[in-house]
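A look at the structure
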Amino acid sequence: MNKNDIDLGRYPILYSFRRCPYAIRARFAIVLSGVKVELREIVLRDKPTEFLQESLSATVPCLVTKGKVFDESLDIMKWAFEINDPEHFLNMPLDGYDLIKHSDGPFKDALDRVKYASRYPSDLFDESRQRAEEFLKLLNKQLCQPYLFGPRPTLADIAIFPFVRQFAFIDKAWFDNQKWLNLSTWLDTYLKSPTFEITQQKFPKWIKGNSVISFP
Ligand SMILES: N[C@@H](CCC(=O)N[C@@H](CS)C(=O)NCC(=O)O)C(=O)O
C-alpha cells in the first residue's frame, strides 16, 4: 500500500496549534514530504484528554503513529522526511543541527523575553534583544548563499524560519528597519510560499467524534 493510500481515519494523528512556531515547522515538513496525517487542532488552555494521554510534555505538536509517539517538532520533521524527502532536506551538514539547537535554545529564550517582555525583569530587555539580534545577524550573513547551507534549503531553513517570523512580527517596522536584506528576503520567500499557505490553513477546534480532517 502506498503511504498516500492509507484509509481515512487511519492516518497518523497530528495534534497541532495553528500559531505555534514548533507546530508550523512540523506541518511545513509534512506538506513538503507529501505524507498525510489527521490534523487535530487543539486549544492550549483547554487541552483534550486524548492529547494529554499521548503527549508526555503536554506540548504541541505531537504526532501519534501506530508504533510511536513523537513529542518533539524536530523529530516530527525528521519522521516526515525519512518517509519521503524529494528535495533532500535531510542532506544537511552537521553544523545545521548546531544552528537549530542555538535557535531553539538561546535564540528562542531571547525571543520570548522580547515578545513577552512584561513577564521578565525589564532591565534585561535590551540585553535580550541584543542577543536575538546577534543570532539574526549571523543568519543574515550566512544567507548570502542564499539558503543557510548553500544554494538549496535544508532542514535548518525550515526549522528556523518560523521563529524568525515570530521575532520579526513583534515589531515588524523595527525588524524591516534593520536592513537585514538576506534574512528578510529569505523570510519573505517562506511566508509567500504556497507551502506556507497550506501550512497556515485554519481548522476548527478538534472535538472527539467530529469527522476526520486530513492534512494537507
Ligand atoms: N519541545 C517541543 C516544544 C513545543 C512547545 O513548547 N509548544 C508550545 C506552543 S508554541 C506548547 O505547546 N506549550 C504548552 C502550553 O502552552 O501549555 C517541540 O519542539 O515540539
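Here is what the cut-offs are and how they apply
Residues numbered from 1 in each chain as written. Predicted model: local features only at pLDDT ≥ 70, side-chain atom pairs only at ≥ 80, totals over all residues. Heavy atoms only, no water. Near = heavy atom within 4 Å. Polar contact = N/O pair within 3.5 Å; in protein donor to acceptor, adjacent residues only side chain to side chain. Areas by Shrake-Rupley, 256 points an atom, 1.4 Å probe, with all protein chains shown as cover. Core = buried A, V, L, I, M, F, W, Y, C linked by side-chain atoms within 4.5 Å. Buried < 20%, exposed > 50% of the residue type's maximum accessible area, 1.4 Å probe, protein only. Helix = DSSP H or I, 4+ residues; strand = E, 2+ residues; numbered from the N terminus. Domains from an automatic or database assignment. Contact = heavy atoms within 4.5 Å. Buried area = accessible area lost by both parts, 1.4 Å probe. Salt bridge = Lys/Arg side-chain N within 4 Å of Asp/Glu carboxyl O. Nonpolar A, V, L, I, M, F, W, Y, C, P; charged D, E, K, R; others polar. Expected span 1.5 Å × (residues − 1). Pairing = 2+ DSSP bridges. Axes fitted to C-alpha atoms, helices over the stretch in contact; angles between N-to-C directions.

The environment of the ligand is formed by Cys20, Tyr22, Leu44, Lys47, Ala58, Thr59, Val60, Pro61, Asp71, Glu72 and Ser73. Between the ligand and the protein, one listed contact pairs an oxygen atom with a side-chain N or O atom of Lys47 at 2.6 Å. Here a nitrogen atom of the ligand sits 2.6 Å away from a polar atom, N or O, in the side chain of Glu72. In the complex, the protein chains occlude 71% of the 520 Å² of accessible area that the ligand would expose alone.

Attention now moves to the nonpolar core. Within the largest apolar cluster, 39 residues are counted, with the highest numbers of intra-cluster contacts made by Leu139, Ile158, Ile160, Phe175 and Trp186. With 10 residues, helix 6 (residues 155-168) is the largest single contributor of residues to this core. Shared between two domains, this core holds at least three residues of each, these being domain 1 (3-86 + 196-215) and domain 2 (95-193). In this structure Ile158 touches Arg25, Phe28, Ala29, Leu32, Met77, Phe81, Phe89 and Tyr190, once residues within four positions along its chain are discounted.

As a further point, take the domain arrangement of the chain. The assigned domain composition of the chain is domain 1 (3-86 + 196-215) and domain 2 (95-193). Computed from C-alpha atoms alone, the centre-to-centre distance between domain 1 and domain 2 is 24 Å. Taken residue by residue, the interface counts 14 residues in domain 1 and 15 residues in domain 2. The contact between domain 1 and domain 2 buries some 1300 Å² in all, and 73% of this surface belongs to carbon and sulfur atoms. For the domain 1 face of the interface with domain 2, the top three residues by lost area are Pro21, Arg25 and Phe196, together amounting to 43%. Where domain 1 touches domain 2, the interface holds 1 salt bridge. Asp104 serves as the salt-bridge partner of Arg25, at 2.9 Å between the closest nitrogen and oxygen. Counting the contacts that link domain 1 with domain 2 gives 4 residue pairs in polar contact (both at pLDDT 80 or more). Ranked by residues supplied to the side of domain 1 that touches domain 2, first place goes to helix 1 (residues 21-33) with 7 residues. When its residues are assigned to classes, the side of domain 1 that touches domain 2 shows 10 nonpolar, 1 polar and 3 charged.

On to helix 5 (residues 125-142), then. With 18 residues, helix 5 ought to run about 26 Å at 1.5 Å a step, and its terminal C-alpha atoms sit 26 Å apart, in line with that. Along helix 5, the positions that sit buried rather than exposed are Ser128, Ala132, Glu133, Phe135, Leu136, Leu139, Asn140 and Gln142.

This part covers the sheet that holds strand 3 (residues 62-64). One open sheet holds the 5 strands; their spatial order is 4-3-1-2-5, and the pairing between them is mixed. Of all strands in the sheet, those with a lone pairing partner are strand 4 (69-70) and strand 5 (214-215), marking the two edges. Pairing of strand 1 (residues 13-16) with strand 2 (residues 37-41), which is carried by 4 bridges, proceeds in the parallel orientation. Bridge pairing in strand 2 places Tyr15 opposite Arg40. Together, strand 1, strand 2 and strand 5 form the strand contacts of helix 1, whose direction differs from that of strand 1 by roughly 145 degrees.

Another aspect to go through is the pattern of salt bridges. Across all of its chains, the model carries 10 salt bridges by this definition. Among the ionic pairs, Arg40 bridges to Glu38, the shortest N-O distance being 2.9 Å. Like Glu38, Arg40 is buried. We note a salt bridge from Lys205 to Asp46, for which the minimum N-O separation is 3.0 Å. Of this pair, Lys205 sits in the loop between helix 9 (194-199) and strand 5 while Asp46 is found in the loop between strand 2 and helix 2 (49-54), placing the two residues 159 residues apart along the sequence. Classification of Lys205 as partly exposed rests on a relative accessible area of 39%. Its relative accessible area of 42% is what places Asp46 among the partly exposed residues.

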